Amino acid sequence: MTADPARAAQGQAPVIELADVRAGYRDRDVLHGAALALHAGTVTALVGANGSGKSTLLAVMAGVLAPRSGTVTLGTPRRPALVVQRSAASDALPLTAREAVAMGRWGLLGPWRRPTRRDRAAVGECMDRLGVADLARRRLGELSGGQRQRVLLAQGLAQEADLLLLDEPSTGLDADSRERIAAVLDQERGRGAAVVHATHSRGEADRADRVLVMEGGRPVAGEAPVKEPLS
Ligand SMILES: Nc1ncnc2c1ncn2[C@@H]1O[C@H](COP(=O)(O)OP(=O)(O)OP(=O)(O)O)[C@@H](O)[C@H]1O
């Protein structure tokens, strides 16, 4: 079990806990007895080789891939927000960037399902935070890969989830965008979210509170992060 001992000692219930999870695709398991506990106000970097199961673990945490055995316990009534790596499906959606971000609010809309002023303000704010406000009226399919990725991240932020799951959010982005995303992760931690991001970057892993490495189908505690600014 890779629980955070400091938080556990404070008696804080985890935002999510996995115990002995087995999951995979068709006749093949990818996760073999995966266990973890994540707490509010923390950033966890998930690292590991290509194909080691990072995206699969995120999918199980998000509830989009059912475990074959074991348990996933959410400590919050809010659905987790999952931002996947850029997909062909999202590229083909006939939406503007603003409409795509506004979709992030759907789970929070009241009984009339109509966005309020607060919903509209939140959408604008999330677009500002990812530096995509000027793309609001552009069609998603017309955007560059990096622009689209930031729009989908803004959609994830708009959900105001207690658990934010990001699959390689910075991959393929320029230095300014990567720095912007690092700042967003810090802000999300600051508002009390549990954030997990899969990454292949040592610098990004070093900025996290905790590093989990996928090994043998399980997340195991990684090297203690070095608290230094990115060079
Ligand atoms: N939809 C799917 N159907 C069948 N097999 C899949 C599917 N998605 C992933 N896999 C397989 O599951 C294994 C784990 O893949 P996963 O995408 O979780 O790895 P990852 O650590 O996220 O890799 P990367 O660093 O390349 O993104 C791989 O062997 C992959 O081929």
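Now for a quick tour of the structure. (Residues numbered from 1 in each chain as written. Predicted model: local features only at pLDDT ≥ 70, side-chain atom pairs only at ≥ 80, totals over all residues.)

## Topic: the site of the ligand
Then comes step 1: In the vicinity of the ligand, the contacting residues are Tyr 25, Val 30, Gly 48, Asn 50, Gly 51, Ser 52, Gly 53, Lys 54, Ser 55, Thr 56 and Met 214.
Then comes step 2: Among the elements that take part in the shell around the ligand, helix H2 (residues 54-62) stands out by supplying three residues, more than any other.
Then comes step 3: Of the residues that constitute the shell around the ligand, the class distribution is three nonpolar, seven polar and one charged. (Near = placed C-beta within 6 Å. Helix = DSSP H or I, 4+ residues; strand = E, 2+ residues; numbered from the N terminus. Nonpolar A, V, L, I, M, F, W, Y, C, P; charged D, E, K, R; others polar.)

## Concerning the environment of Leu 153
Then comes step 1: With respect to the element layout, Leu 153 can be found in helix H6 (residues 145-158).
Then comes step 2: Look at Leu 153 and you get buried, because 27 C-beta atoms sit within 10 Å.
Then comes step 3: A sequence separation of 68 residues divides Leu 153 from Gln 85, and the C-alpha atoms of the two residues are 9.9 Å apart.
Then comes step 4: If we ignore the near neighbours within four places in the chain, the residues touching Leu 153 are Val 83, Leu 130, Pro 169 and Ile 181. (Buried ≥ 20, exposed ≤ 12 C-beta atoms within 10 Å, placed from the backbone. Contact = placed C-beta atoms within 7 Å.)

## Things to note about helix H5 (residues 117-129)
Then comes step 1: When the terminal C-alpha atoms of H5 are compared, their 18 Å separation across 13 residues agrees well with the 18 Å that a helix rising 1.5 Å per residue should span.
Then comes step 2: For H5, the set of buried residues is Ala 122, Val 123, Cys 126, Met 127 and Arg 129. For H5, the angular spread of buried residues about the axis comes to 160 degrees, placing them on one side. Exposed residues pointing more than 90 degrees away from the buried face of H5 are listed as Arg 117, Ala 121 and Asp 128.
Then comes step 3: Looking one or two residues beyond H5, the residue adopting positive phi is Gly 131, at roughly 65 degrees. (Expected span 1.5 Å × (residues − 1). Arc of directions from axis to C-beta.)

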